[in-house]
Structure formats: structure tokens, C-alpha cells
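Examining the three-dimensional arrangement
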Amino acid sequence: MATVDEARIGEFLDRHPGWGRDGDAIVRTFEFADFTEAMGFVTQVALVSERAFHHPDIGIRWNQVTLRLSTHSEGGVTEKDLELADRIDRLA
């Protein structure tokens, strides 16, 4: 699977507020009421990611969850990353 071009990434970012670009990845931080709610979201992300056979890098800080999506084997953002980010947005 090849990486997507900058125009495709820009189109995705325009339609998905909260996501941004960081180097070879797209990144978003979600904020929740407390740690328990944040961990519930992480569990949902894990289940969706397993079904997609594609997994984000996840950072957790009390009530904040940061997700970083990049296809490491391709060295950048692919359609798999954009599709997973879209599914994650529907969870939030």
C-alpha cells in the first residue's frame, strides 16, 4: 500500500477537525471527563483497530488520549490510516 499525497491528506484534515499533521503521521488528542472515560475510549479504539488490522500509537495522560496514525512499513500516511481515523472519529 502506497502513501497518499499531500492533497489527499489536506482533504482529510479539512473534513476531520481536530486531526493534524505531525511529520509522517496524522495526530489527534481527545479529551474526556476523567481517566475512566479516556480508558473506555482506548478500549473502543483497540477493538476497531484490531478489526482493521491496523494500530495507532496511543499516548494516555489522565483524561487525554493522543492517537498517532502512520503506516510504518510505508513510511507515511496511507488510506488505511485515513480510514481508521474516520472510524475513530465516529467513536468519539
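This text follows the structure it describes.
**Examining the sheet that holds strand S3 (residues 57-61)**
Strands sit in the order S1-S2-S4-S3 across an open sheet of four strands; the sheet is antiparallel. The open sheet has two edge strands, strand S1 (20-22) and S3, and neither has a second partner. Each strand of the sheet is rotated relative to its neighbour by a mean of 30 degrees, with strand direction disregarded. As paired strands, S3 and strand S4 (residues 64-69) are joined by five bridges and run antiparallel to one another. Bridge assignment links Ile 58 to a residue of S4, and that residue is Leu 67.

**Regarding the pairing of S4**
Here S4 shows a buried face lined by Val 65, Leu 67 and Leu 69 and an unburied face lined by Gln 64, Thr 66 and Arg 68. From the end of S3 to the start of S4, which pair antiparallel, there are two residues, and Trp 62 there has a positive phi angle of about 50 degrees.

**Let's talk about the packing of aromatic side chains**
Overall, the coordinates contain four aromatic pairs when judged by the stated rule. Relative to Trp 19, the ring of Phe 12 has its centre 6.4 Å away and its plane inclined at 65 degrees; by these criteria the two rings are edge-to-face. For the pair shown, Phe 12 and Trp 19 are each scored as buried. Ring centres of Phe 32 and Phe 41 lie 4.9 Å apart, and the angle between their planes is 40 degrees; this geometry places the pair in the tilted category. The burial state of Phe 32 is the same as that of Phe 41; both residues are buried.

**Thoughts on a nonpolar patch on the surface**
On the surface, Phe 35, Ile 58, Ile 60 and Trp 62 cluster together to form a nonpolar patch covering roughly 400 Å² of accessible area. Relative to the helices and strands, Ile 60 resides in strand S3.

**What about the pattern of salt bridges?**
For the structure shown, the criterion picks out eight salt bridges. In this structure, Arg 68 and Asp 24 form a salt bridge, with 3.3 Å as the shortest nitrogen-oxygen distance. With a gap of 44 residues between them, Arg 68 in strand S4 and Asp 24 in the loop between S1 and strand S2 (25-31) connect regions that are remote in the sequence. The partly exposed category is assigned to Arg 68, whose relative accessible area is 26%. A salt bridge links Arg 28 to Asp 89; the nearest nitrogen and oxygen atoms lie 2.7 Å apart. Of this pair, Arg 28 sits in strand S2 while Asp 89 is found in helix H3 (residues 79-91), placing the two residues 61 residues apart along the sequence. Because the salt bridges share partners, they merge into one network encompassing Arg 8, Glu 11, Arg 15 and Glu 79.

What counts, and at which threshold
Positions within a chain are numbered from 1, following the residues in the order the chain's sequence is written. The predicted nature of this model means local features are confined to residues of pLDDT at least 70 and side-chain atom pairs, given and counted, to a pLDDT of 80 or more, with totals for whole chains, interfaces and linings taken over all residues. In computing side-chain properties, one takes all heavy atoms of the structure into account and sets aside hydrogens as well as water. Any two strands between which DSSP finds at least two bridges are classified as paired. The helix count covers DSSP runs of H or I at least four residues long, the strand count covers runs of E at least two residues long, and both are numbered beginning at the N terminus. Working convention: axes come from line fits to C-alpha atoms, limited for helices to the stretch in contact. Angles between N-to-C directions cover 0 to 180 degrees. Relative accessible area decides the class of each residue, using a 1.4 Å probe on protein chains only: under 20% of the type maximum gives buried, over 50% gives exposed, and in between gives partly exposed. Think of it this way: a Phe, Tyr or Trp ring, Trp meaning its six-membered ring, pairs with another when their centres are within 6.5 Å, and the plane angle makes it stacked under 30 degrees, edge-to-face over 60, tilted otherwise. Nonpolar side chains (Val, Leu, Ile, Met, Phe, Trp, Tyr) within 5 Å and like charges within 9 Å form the patches, drawn only from residues with over 30% relative accessible area and no salt bridge. Using a 1.4 Å probe, accessible areas were evaluated by the Shrake-Rupley method; residue-level cover was limited to the displayed protein chains. When a carboxyl oxygen of Asp or Glu is within 4 Å of a side-chain nitrogen of Lys or Arg, the pair counts as a salt bridge.

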